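Geometric and topological summary
Residues per chain are reported as follows:
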Amino acid sequence: MRGLREWWRDLTDLVLPAECGGCGRARAVLCPRCRTALDGAPPCRVRPAPEPPGLPPVHAAAPYEDEVRAALLAHKERGVLALTAPLGAALAGAVRAGLRQAGTADGAARGDVQVRGPVLLVPVPSARRAVRTRGHDPARRIALAAAGELRRTGTPARVLAVLRQRYAVADQSGLDARQRLANLAGALAVAPGGGGLLRGGGPVVLVDDLMTTGASLSEAARAVRAATAGAAESRAGPGTYWTPRSSVYPSAAGEGREERKTGPRMAGSYGGGEVIREAICAAVVAASPDSFEINRN
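Residues numbered from 1 in each chain as written. Predicted model: local features only at pLDDT ≥ 70, side-chain atom pairs only at ≥ 80, totals over all residues. Heavy atoms only, no water.

1. Quick look at the overall build of the chain
- Helices and strands together make up the secondary structure of the chain, namely ten helices and ten strands.
- Here the analysis covers contacts within the chain between residues at least 6 apart in sequence; of these, 71% occur between residues at least 24 apart. (Helix = DSSP H or I, 4+ residues; strand = E, 2+ residues; numbered from the N terminus. Contact = heavy atoms within 4.5 Å.)

2. Quick notes on the sheet that holds strand β1 (residues 44-46)
- One open sheet holds the six strands; their spatial order is β1-β2-β10-β7-β3-β4, and the pairing between them is mixed. Among the strands making up the open sheet, the edge pair consists of β1 and β4 (157-159). Neighbouring strand axes in the sheet, compared pairwise and without regard to direction, differ in orientation by 35 degrees on average.
- Two strands pair when backbone bridges link them, and strand β2 (residues 58-63) and strand β10 (residues 280-287) are joined in this way by five bridges, in the parallel orientation. Across the sheet, the residue bridging to V58 is A282, located in β10.
- Contacting β2, β7 (204-211) and β10, helix α3 (residues 66-77) crosses the sheet at an angle of about 100 degrees to β10.
- With respect to the sheet, helix α6 (residues 138-152) is in contact with β3 (119-123), β4, β7 and β10, its orientation differing from that of β4 by roughly 165 degrees. (Pairing = 2+ DSSP bridges. Axes fitted to C-alpha atoms, helices over the stretch in contact; angles between N-to-C directions.)

3. Observations regarding the pattern of salt bridges
- One pass over the structure, following the stated rule, counts six salt bridges.
- R134 serves as the salt-bridge partner of E77, at 3.1 Å between the closest nitrogen and oxygen. Taken as a pair, E77 in helix α3 and R134 in helix α5 (residues 128-134) lie far apart in primary sequence, 57 residues in all.
- Under the relative-accessibility criterion, E77 is labelled partly exposed at 45%.
- Of the charged contacts in the structure, one is a salt bridge between R222 and E219, with a shortest N-O distance of 2.7 Å. Here R222 pairs with E219, and both are found in helix α9 (residues 215-236), just three residues apart, close to one helical turn. The same class applies to R222 as to E219, namely buried.
- Overlapping salt bridges, with partners in common, bring together R96, E149 and R152 in one network. (Salt bridge = Lys/Arg side-chain N within 4 Å of Asp/Glu carboxyl O. Buried < 20%, exposed > 50% of the residue type's maximum accessible area, 1.4 Å probe, protein only.)

4. Re a positive patch on the surface
- A contiguous patch of positive charge, built from R128, R129, R132, R140 and R164, is present on the exposed surface.
- Here the positive patch takes three residues from α5, the largest share from any one element.
- You can see R132 is positioned in helix α5. (Patch = residues over 30% accessible without salt bridge, like charges linked within 9 Å, V, L, I, M, F, W, Y side chains within 5 Å. Areas by Shrake-Rupley, 256 points an atom, 1.4 Å probe, with all protein chains shown as cover. Lys, Arg positive; Asp, Glu negative; His and termini not counted. Charge placed at Lys NZ, Arg CZ, Asp CG, Glu CD.)

Here it is in structure tokens:
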């Protein structure tokens, strides 16, 4: 009987955690103070330093510290799945902020997010061994919750988990920004058939639970650009546009001058008339506190 009671307690803790995921307060998924830390402020544009080449515009809901850090770790490492909903809602806010900024650049209102076709949330995949160890893919789970929150509030959205790891990479935890970028170079690819799915929807938003150096999002953006480049070039025709640096890695040619590109680009609804602008942005639940302090918008 005692074993049954312990089993039932463990099961209910998956749905109704025994303590707040942020501060440990009893019987709350997230207490009011921790929820405010997560989504009490408007999402911000964040930029790591150094900023990796090819990193799309990134918005984050909160700095990765204190209660927010504890909640993300509880969800990721301890499998506190009841935190998925609030983390997904925070990610949805960051997605809206990114889309709104892109729309504002074309003269759209700062209120509701207007898109053509569903917003495509593309989660950065976790390593297979990490998924096996944790028993779930945290970024994908949070992305699904974010898509549901976006749909609930009137923005069509779906998750496209089309990114795959091409080979195993070293553990990132002990690497600096440059080493992380080199470690992940070429590690991701879009699954067969994924390019067509990406081209068939609305704006693409890369999503993850956390951004530190930006290396994972930069590599994810490279993989998505590679998968969609051919079709984008065939639709828009060959052209030249300004890029401040290579869209892939620092060693690539063409830094600081006009060059021909074949990455995804948009005109009209997202591009703004004759302006050709990249159709990828990114959103995360949290980012390193330093990335909030670099205000170069």
